[in-house]
Amino acid sequence: MSSWDKIFLNLGRLKQSKRKRVIFTAKEGIRDIKNITSSCGCTRANYDAKTRELKVVYTPKKIPSHLQTQGYYTSYKHLTITYVEGEKEVLTFKAIITT
């Protein structure tokens, strides 16, 4: 069973290079977190134990040149939560990045 209200968020359409703040909320009684790792340098995360919020800042990269004519790309980012006792849980968000 997940320690989070949601393990997947769909952010919809986002502009390339424009920051987006995302919040995952932990359930009551969440275990102690040892480490949070993001799947990409464009995603930073910080957990606030008082509010039980994992605050994420995502800055989508520019549309790759081979997708310029299409005008968008779909991005999936993952945050791996490692708990003190060694268990892991993955939170994911998705966005369609446009010009």
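Rules of the game
- Residues numbered from 1 in each chain as written.
- Predicted model: local features only at pLDDT ≥ 70, side-chain atom pairs only at ≥ 80, totals over all residues.
- Heavy atoms only, no water.
- Helix = DSSP H or I, 4+ residues; strand = E, 2+ residues; numbered from the N terminus.
- Buried < 20%, exposed > 50% of the residue type's maximum accessible area, 1.4 Å probe, protein only.
- Phe/Tyr/Trp six-rings, centres within 6.5 Å; stacked < 30°, edge-to-face > 60°.
- Lys NZ or Arg CZ within 6 Å of the ring centre and 35° of its normal.

(A) Seen up close, unusual backbone geometry. Backbone geometry places S17, a non-glycine residue, at a positive phi of 65 degrees. Along the chain, S17 turns up in the loop between strand 1 (8–15) and strand 2 (20–25). Its identity is not glycine, yet R52 carries a phi of approximately 60 degrees, on the positive side. Note that R52 resides in the loop between strand 4 (43–48) and strand 5 (53–58). Accessibility expressed as a relative area gives 27% for R52, which makes it partly exposed.

(B) View of the packing of aromatic side chains. Counted by the stated rule, this structure contains two aromatic pairs. Ring geometry for W4 against Y47: centres 5.9 Å apart, planes inclined by 80 degrees, an arrangement best described as edge-to-face. Of this pair, W4 sits in the segment before strand 1 while Y47 sits in strand 4; the two residues are 43 residues apart in sequence, bridging distant segments of the chain. The exposure class of W4 is buried, given its relative accessible area of 1%. Stacked on the ring of Y83, the Lys or Arg R31 has its end atom at 3.9 Å from the ring centre.

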